[in-house]
Amino acid sequence: MSACLVRLGPSVLRRSLAPLWLVSWLLAVGCGAESADDPAGSISVVSITPGANAVDVALDTTIRLELSAAPREPFKVSLTAAGGEIAHAMRIEGTTVTLTPSSPLWIATGYQVAIPESAGLARAFSSSFVTREGGWMPAQLSSRASATPGGSAAPTLAVVEDGSVLVSWASDNALVNQRFSPGAGWNKLVLPVTLNGDDTFVDTAAASATQAVAAHRYTLLGGSGSIDARTYNGSVWSAPVVVSDDRVGNTTFEQFLGGVASTPQAHAVSFHRGTFAAGYDLYASLRAGSTWSAPILIEPLAGSATSSRIAADGRGGFVLLWTQRDAAGSSTAVWYSTLSAQGVVGTPQKLDDGPNDAFGVAMARAGERVWMAWGHRESESVGSRIVVRSLAADGLGAAKSFVVPGQLSPQLALAASASGAFVAWSHQGAITGAIYAAAAWSAPQVIAAASSDPADNVGRPALALDDRGNATATWTRIPKLNGRRSTMAARWHASRWSTTTLDDQTRSTRAWSAGVDPQGRVTVLWTDDGAPGYRVWAARLE
């Protein structure tokens, strides 16, 4: 086998800050056009565009190879990224071969072009390039989200496989939706659905561009709160439908929304029903056809179930995660259970138990694996622990714990993708996170350091993780009284964190949600106090 010399072109050398990961990756993946010194009389690659080891390549680029002679059949050129083949069209005109990807390339991703040792080539050829990092593009979605900040203005999003983004929020006594479509941008504000009551919380999930669900808690005067939902068919949202009434016979219950999830076969909503004195039970409702099922009891446990989340399991069913306070009120455990699309409930399984409080349950799905995270307060002397665990068809994965010292309980968030999982938490003015990749967790790393002023703080982060392992965190920097708040975003890319300020123009702002599409384009949502009321903003990493 002949030796292969890889030369880093001027596009890399002139960047004095080129990260070591990029140099190492380009050296590891193989030789570029310069390495194709073939014997006389055989076909060789004369040049390739993008050039060997190129960086910051545009997402709409085509790949062009110039050969020393016209290729002979069969002639194949592969384009791969993250271990998978990238769909493309190939065109041969004389000695020129052009590859046109079927969709835009992914942000901040390494690609490899390869030709096997065939069709007249003396030996195999390969060349690599890296696409550009994205840039944040803010857009104001509404001039008024709510007269007051808090849950009634909290926007949520669902990202669809085709790159669409569905956003839902409550604006005073109305439900509002907006959609981002690739190539078209944000649509006009959808006419709000007016509610003659207090809508306090909204959650959104999507299975495809033509199937999504949004649920909310809706309180009429004199009632304690029904759970309502709307469905999306790709063009319009349905009118709200009552999923669970707060009145059963002559009894009025308190109800609270847990979350929503969606599969191609069914939508699901989790919620809590009961009273403060007697405690709350966890229920779910399914919509596998045109109607919602009656409430399905998920747990028959003693005590009170709270803080539930629900996620699709990637196999047609759902997983629910919640905290369960014991009847004596002395300890809180973390439990999970399953729910099939036909309404069959699995046996509840305890994940974590102990004295003091469990808090902050979170869920994220990647393929057929559901990731679950929660916090558990140990004691004032020990602090808290953040626990992450996955569930797949073959059972539960090993639990990973991160110790968080200090008296205050951290606020956590979770994201997952084909590359692994990402957990982060805010605690004592700092944001810290860890990434699971290549079957191992990284050590916790500070994403945003605490301010030197102990009166400054940060809010709960929202996270996204793409299939190439690029992570995004967004959060609110909360200064001391009368200071200016800022919405921040940080990216884990090229083995380092880089931070951007998205909004620091108002006295009050809050980050809410984040998501990422298959091409690595991230969407984050936040609200600020633009007059009058609280405005909803989105920023896209394009």
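Preceding this paragraph is the structure being described.
Counting restarts for each chain, with residues numbered from 1 along the sequence as it is written. Note on the predicted model: pLDDT of at least 70 is required for a residue's local features to be given, and 80 or more for side-chain atom pairs to be given and counted; whole-chain, interface and lining totals, by contrast, use all residues. Excluding hydrogens and water, the side-chain values take into account all heavy atoms of the structure.

### Considerations on the overall build of the protein
Here a strand is any run of E in DSSP of at least two residues, a helix any run of H or I of at least four, and the numbering for each starts at the N terminus. Along the backbone of the protein there are 2 helices and 47 strands. The buried share among the 542 residues of the protein stands at 53%. Counted over contacts in the protein with a minimum sequence separation of 6, partners at least 24 positions apart contribute 48%. Shrake-Rupley sampling with a 1.4 Å probe provides the accessible areas, and residues are treated as covered by the protein chains on show and by no other component. On the protein, roughly 23,100 Å² of surface is accessible, and the fraction owed to carbon and sulfur atoms is 52%. Each residue is assigned to one of three classes by its accessible area relative to the maximum for its type, calculated with a 1.4 Å probe on protein chains only: buried under 20%, partly exposed between the two thresholds, exposed over 50%. Note on definitions: a residue-residue contact is assigned when non-hydrogen atoms from the two residues lie within 4.5 Å.

### What to know about the pairing of strand β27 (residues 318-325)
Successive residues of a regular strand alternate their side chains across the two faces of the sheet. The element β27 is extensively covered by neighbouring structure, given that 7 of its 8 residues are classed as buried. Across 7 bridges, the pairing between strand β26 (residues 304-312) and β27 is antiparallel. Note that in β27 the partner of Ile 310 across the bridge is Leu 320. Joining the antiparallel neighbours β26 and β27 is a turn of 5 residues, in which Gly 314 adopts a positive phi near 80°. Two strands pair under a simple rule: DSSP has to find at least two bridges between them. Bridging between β27 and strand β28 (residues 332-339) involves 8 bridges; their strand directions are antiparallel. Across the sheet, residue Phe 318 finds its bridge partner in β28, namely Leu 339. Here β27 folds back onto β28, and the loop between the two strands holds 6 residues, one of which, Gly 329, carries a positive phi near 75°.

### Considering unusual backbone geometry
Put simply, Thr 49 and Pro 50 share a cis peptide bond, and its omega is 0°. With respect to the element layout, Pro 50 can be found in the loop between β1 (45-49) and β2 (54-57). One non-glycine residue, Ser 307, adopts positive backbone phi at about 60°. Within the element layout of this structure, Ser 307 appears in strand β26. For Ser 307, a relative accessible area of 43% corresponds to the partly exposed category.

### A short note on the packing of aromatic side chains
The rule is short: rings of Phe, Tyr and Trp, with Trp giving its six-membered ring, pair when the centres are within 6.5 Å, and they are stacked under 30 degrees, edge-to-face over 60, tilted in between. Scanning the model with the defined rule gives 14 aromatic pairs in all. Taken together, a centroid distance of 5.5 Å and an interplanar angle of 40° make the contact between Phe 402 and Trp 425 tilted. Taken together, the residues Phe 402 in strand β34 (residues 400-404) and Trp 425 in strand β36 (residues 420-427) connect sequence positions 23 residues apart. When its relative accessible area of 4% is taken as the criterion, Phe 402 is described as buried. Taken together, a centroid distance of 6.1 Å and an interplanar angle of 5° make the contact between Trp 526 and Trp 537 stacked. Linking Trp 526 in strand β46 (residues 522-528) with Trp 537 in strand β47 (residues 535-541), this pair joins segments that are 11 residues apart in sequence. Of the residues examined, Trp 526 reaches a relative accessible area of 1% and is grouped as buried. Members of the aromatic cluster, joined through ring pairs, are Trp 371, Phe 402, Trp 425, Tyr 436 and Trp 441.

### Section: the sheet that holds strand β7 (residues 96-101)
If you walk across this open sheet you meet the 4 strands as β1-β3-β7-β6, and the pairing is antiparallel. Two strands bound the open sheet, and with one partner strand each, they are β1 and β6 (88-93). Taken over all neighbouring pairs, the strand axes of this sheet differ in orientation by 15° on average, direction set aside. Strand direction decides the pairing type here: β6 and β7, joined by 6 bridges, are antiparallel. What sits directly across from Ile 92, in β7, is Val 97. Axis definition: a line fitted to C-alpha atoms, limited for helices to the stretch in contact. Angles are taken between N-to-C directions and run from 0 to 180 degrees.

### A look at the sheet that holds β27
Spatially, the 4 strands line up as an open sheet ordered β26-β27-β28-β29, and their pairing is antiparallel. Looking at the sheet topology across the chains shown, the edges are occupied by β26 and β29 (349-352). Ignoring which end each strand starts from, the neighbouring axes of this sheet average 30° apart.

Taken by themselves, the reported measurements are silent on function.
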